[in-house]
Amino acid sequence: MSDGIVFERMALIGIGNLGSSIARAVRSRGLVQTVVVADASAEVRARAAELDLADRYVSTATEAVENADVVVICTPISAYASIAEAIAPHLKPGAVLTDIGSVKLAVVAAVTPHVPDGVHFVPGHPIAGTEKSGPDAGSGALFEGRYWILTPSEGTDPEAIGRVSTLWSRCGALVEELPAAYHDKVLAVTSHLPHLIAYTIVGTAFDLEGQEQRDVIRFSAGGFRDFTRIAGSNPIMWRDIFLNNREAVLEMLQRFSEDLSYLQRAIRWGEGDKLEELFTKTREVRRGVVEANQAQPFPYGTNGK
């Protein structure tokens, strides 16, 4: 890892929001000597080349991983198993395989059976991103001050974990290790359930008719505006997240439904004390987010260079 280089050759499978952010971050910081991008779309590859995101652009993952020291899967989770199976014979001994999926138990189950002996799988999840998609949406500053969670299995090579941790730390991230099941439960509350609520509220607005729908859009207040931003996220990615973290999401959705029923009763019976008590508690949660330096929005509109 001399001269600041953590890995000699990186293969990025998928070059959307997070993939392009990784490409920008590692190249601008000199962390990887050669970056190879794989994307099935010729249009996406051409745009990535225009943005100078990598050193080489190929159409298949098998081409990209040849001689790669680190491979990062940056596709929707539903493609993980087929990608892992396809690239397995082409991964060189000692290579590190990682990913950016926001569900970890399902990723471990999909990928692990295909990982060859001598290749090290270190699942990961950057808690960063925007609702925008495609190579133009990325930012090399996206990971600065944001958590990047690793969920390696017991027995994973410590050196491989260390190199992945070093790579993302040098991209500005705060790297932590968690058990995969615990990660999925926490993210069901902090990310998955909020997205589900946002999709539902915006869907309710969509189901209004005529002038009501137009006025809801025209008079959008801050809260609804934020929901529309979240609901503008990649639908395939979020479909996969909910289907692959269904148990944790359903558990948290049940708890949310019970809390919502409690609020519904308090409003119906004019129980202002119960409402005030809850709203006071939630202010404390907000203070905690601020104190953890996680309250600022992601760096929209930056190019990371």
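The structure presented is a predicted model; accordingly, all values stated were derived computationally and were not measured. (Residues numbered from 1 in each chain as written. Predicted model: local features only at pLDDT ≥ 70, side-chain atom pairs only at ≥ 80, totals over all residues. Heavy atoms only, no water.)

It is worth spelling out the layout of surface pockets at this point. When its volume is computed, the second largest pocket comes out at roughly 200 Å³. In this structure, the second largest pocket is lined by Leu105, Ala106, Ala181, Asp184, Lys185, Asn244, Asn245, Arg246, Glu247, Ala248 and Glu251. Tallied by class, the residues present in the lining of the second largest pocket amount to 4 nonpolar, 2 polar and 5 charged. (1 Å grid on protein atoms, 1.4 Å probe; cavity = no way out; pocket = protein on both sides within 12 Å on 5 of 7 lines; lining within 4 Å. Points joined across faces, edges and corners; volume = space filled by probe spheres on them. Nonpolar A, V, L, I, M, F, W, Y, C, P; charged D, E, K, R; others polar.)

The next subject is the pairing of strand β1 (residues 7–13). Among the 7 residues in β1, 5 count as buried, and that is most of the element. Bridge count for β1 against strand β2 (residues 32–38) is 6 bridges, and the pairing is parallel. For Arg9, the partnering residue across the bridge sits in β2 and is Thr34. Once you follow β1 into helix α1 (residues 17–28) and on to β2, the crossover reads as right-handed. Sheet topology places β1 next to strand β4 (residues 70–73); 4 bridges connect them, and they run parallel. Bridge assignment links Leu12 to a residue of β4, and that residue is Val72. (Buried < 20%, exposed > 50% of the residue type's maximum accessible area, 1.4 Å probe, protein only. Helix = DSSP H or I, 4+ residues; strand = E, 2+ residues; numbered from the N terminus. Pairing = 2+ DSSP bridges. Right-handed = clockwise from strand over helix to strand, strands pointing away.)

Our next topic: the pattern of salt bridges. Under the counting rule described, the total for this entry stands at 11 salt bridges. When the shortest N-O distance is used, the salt bridge between Asp136 and Arg47 registers 2.6 Å. Of this pair, Asp136 sits in the loop between β7 (124–126) and β8 (147–150) while Arg47 sits in helix α2 (residues 42–50), placing them 89 residues apart in sequence. The closest approach of N and O atoms between Asp240 and Arg239, which form a salt bridge, is 2.9 Å. Classification of Arg239 as partly exposed rests on a relative accessible area of 42%. (Salt bridge = Lys/Arg side-chain N within 4 Å of Asp/Glu carboxyl O.)

Counting 70 residues, the largest nonpolar core has Met10, Leu12, Ile22, Phe143 and Trp168 as the members making the most contacts within it. Setting aside residues no more than four positions away along its own chain, Trp168 makes contact with Met10, Ile22, Val72, Thr98, Trp148, Leu150, Ala173 and Val175. (Core = buried A, V, L, I, M, F, W, Y, C linked by side-chain atoms within 4.5 Å. Contact = heavy atoms within 4.5 Å.)

Inspection of the entire model under this criterion finds 3 aromatic pairs. Note on Trp238 and Phe242: the rings are 5.7 Å apart at their centroids and 45° apart in plane angle, and the pair reads as tilted. Here Phe242 and Trp238 lie together in helix α10 (residues 235–244), a separation of 4 residues that amounts to about one turn. Judged by its relative accessible area of 5%, Trp238 falls in the buried class. The exposure class of Phe242 is buried, given its relative accessible area of 16%. Put simply, the rings of Phe143, Trp148 and Trp168 touch in pairs and so form one group of aromatic residues. (Phe/Tyr/Trp six-rings, centres within 6.5 Å; stacked < 30°, edge-to-face > 60°.)

All right, on to helix α7 (residues 180–207) then. Helix length check: α7, at 28 residues, gives a terminal C-alpha distance of 37 Å against a target of 40 Å (1.5 Å per residue), a fit within 8%. Within α7, the axis deviates most sharply at Ala188, by approximately 55°. Restricting attention to buried positions, one finds in α7 the residues Ala180, His183, Asp184, Leu187, Ala188, Ser191, His192, Leu193, His195, Ala198 and Ala205. (Expected span 1.5 Å × (residues − 1). Bend = angle between axes of the 7 residues up to and from the residue.)

The strand order across the open sheet formed by 3 strands is β7-β8-β9, and the pairing between neighbours is mixed. Strand pairing shows two members of the sheet lacking a second neighbour, β7 and β9 (174–177), which therefore form its edges. On average, each strand axis in the sheet is inclined to that of its neighbour by 20°, with strand direction left out of account. Of the pairings in the sheet, the one linking β8 to β9 comprises 4 bridges and is parallel in character. When the sheet's bridge partners are listed, Leu150 is paired in β9 with Glu177. (Axes fitted to C-alpha atoms, helices over the stretch in contact; angles between N-to-C directions.)

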